[in-house]
Amino acid sequence: MLEASLTLPADLSSVSQARNFLRHALGDWAVEGFELAAPQVLTELATNAALHARSAYTVHLLLDDGHLLVEVSDSSPMMPQQRHYGTGATTGRGIALVEALSEAWGVESSPTGKTVWCRVGSDDALPDFDLDDADEIDDTKDTVRASLGAKPVGARSATTGGRAGVSLAFAA
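Residues numbered from 1 in each chain as written. Predicted model: local features only at pLDDT ≥ 70, side-chain atom pairs only at ≥ 80, totals over all residues. Heavy atoms only, no water.

Trainee: Any chance you could explain the overall build of the protein here in plain terms?
Mentor: Helix and strand counts for the protein come out as 5 helices and 5 strands. For the protein, the α and β elements follow one another from N to C terminus as β-α-α-β-β-α-β-β-α-α. For the protein, the proportion of its 172 residues judged to be buried stands at 37%. Carbon and sulfur atoms make up 52% of the accessible area of the protein, which amounts to about 10200 Å² in all. (Helix = DSSP H or I, 4+ residues; strand = E, 2+ residues; numbered from the N terminus. Buried < 20%, exposed > 50% of the residue type's maximum accessible area, 1.4 Å probe, protein only. Areas by Shrake-Rupley, 256 points an atom, 1.4 Å probe, with all protein chains shown as cover.)

Following this line, the structure appears as structure tokens:
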């Protein structure tokens, strides 16, 4: 069992520090296969802690038997809530994303706040996305745009890269 923890300030700029901490921990442990889901769920949990709890938060990672437990603890007693915004909203999908990318997730209250956790499996367990399908979707969108007199803009780039990163960029 491998473990690592880091406490970060209640600032949105700390979210990238949380992702770097995860990347370095996995590198130190010589573990591969957690490049997509784990950073994404950590980003969502850390953002929620910094934005909503407005307190310093601790990221705790535990690797055991091919599964990564990601925990984010903060000092707010407020429980995360899944939001149901319209399709045009730019926020409110974090918990749904955590649920979709995790094998399990939950919240534990404590006298000093709460811990939101999720168990993430290897990215190999995620559905396989076919880039040819993504290209066809993009071609169709470009054809529709051209028929309306618009210039084709192509696919938005994904920050994670890889085949699933491109597909997630379309879903965003």
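Read on for the rest.
Trainee: Sorry, what's going on with the nonpolar core here?
Mentor: Where a protein is soluble and globular, its nonpolar side chains tend to be buried together. Counting 33 residues, the largest nonpolar core has W29, F34, Y57, V59, L61 and L68 as its most contacted members. If you list the elements that add at least two residues to this core, you get strand 1 (2-8), helix 1 (14-28), helix 2 (37-53), strand 2 (57-64), strand 3 (67-74), helix 3 (94-101) and strand 5 (113-120). In terms of residue count, the dominant contributor to this core is helix 2 (8 residues). Apart from residues lying up to four places away in sequence, W29 is in contact with L2, E3, A4, L61, L63 and L68. (Core = buried A, V, L, I, M, F, W, Y, C linked by side-chain atoms within 4.5 Å. Contact = heavy atoms within 4.5 Å.)

Trainee: Which parts of the structure should I look at to understand the pairing of strand 5?
Mentor: Across a regular strand the side chains alternate sides, sitting on one face of the sheet and then on the other. In terms of burial, strand 5 is a largely internal element, 6 of the 8 residues being buried. The pairing of strand 3 with strand 5 spans 7 bridges and is antiparallel. Counted as the bridge partner of S73 is T115 from strand 5. (Pairing = 2+ DSSP bridges.)

Trainee: I keep staring at unusual backbone geometry and nothing clicks. Help me out?
Mentor: A negative phi holds for most residues other than glycine; trans holds for most peptide bonds. One non-glycine residue, A30, lies in positive phi territory at about 55°. Positioned with a positive phi, D65 is a non-glycine residue whose angle comes to about 55°. Its location among the elements puts D65 in the loop between strand 2 and strand 3.

Trainee: Would you mind going over helix 1 with me for this structure?
Mentor: Structurally, the α-helix is built with 3.6 residues per turn, so residues lying three or four positions apart point the same way. Under the 1.5 Å per step criterion, the end-to-end length of helix 1 is 21 Å for 15 residues, consistent within 8% with the ideal 21 Å. Listed in full, the buried residues belonging to helix 1 are S14, V15, A18, F21, L22, A25 and L26. With its buried residues spanning 125° around the axis, helix 1 presents them on a single face. For helix 1, the secondary structure elements touched by its buried residues are strand 1, helix 2, strand 2 and strand 3. Of the residues one or two after helix 1, A30 is the one with positive phi, at around 55°. (Expected span 1.5 Å × (residues − 1). Arc of directions from axis to C-beta.)

Trainee: When you look at the side chain of K114 in this model, what are you seeing that I'm missing?
Mentor: Looking at the element boundaries, K114 is found in strand 5. Separated by 2.9 Å, the side chains of K114 and D74 make a polar contact. Within the local environment of K114, its side chain forms a polar contact with the backbone oxygen of M78, the two atoms lying 2.8 Å apart. (Polar contact = N/O pair within 3.5 Å; in protein donor to acceptor, adjacent residues only side chain to side chain.)

Trainee: Explanation requested: the sheet that holds strand 4 (residues 104-110) in the structure shown.
Mentor: In a beta sheet, neighbouring strands pair by backbone hydrogen bonds and run either parallel or antiparallel. On the basis of which strands lie adjacent, the open sheet formed by 5 strands has the order 1-2-3-5-4 and antiparallel pairing. The sheet terminates laterally at strand 1 and strand 4, the two strands that pair on one side only. Pairs of neighbouring strands in the sheet enclose a mean axial angle of 15°, with direction left out of account. Its contacts with the sheet put helix 2 on strand 2, strand 3 and strand 5, and the angle it makes with strand 3 is roughly 5°. (Axes fitted to C-alpha atoms, helices over the stretch in contact; angles between N-to-C directions.)

No statement about biological role is implied by the geometric values presented.
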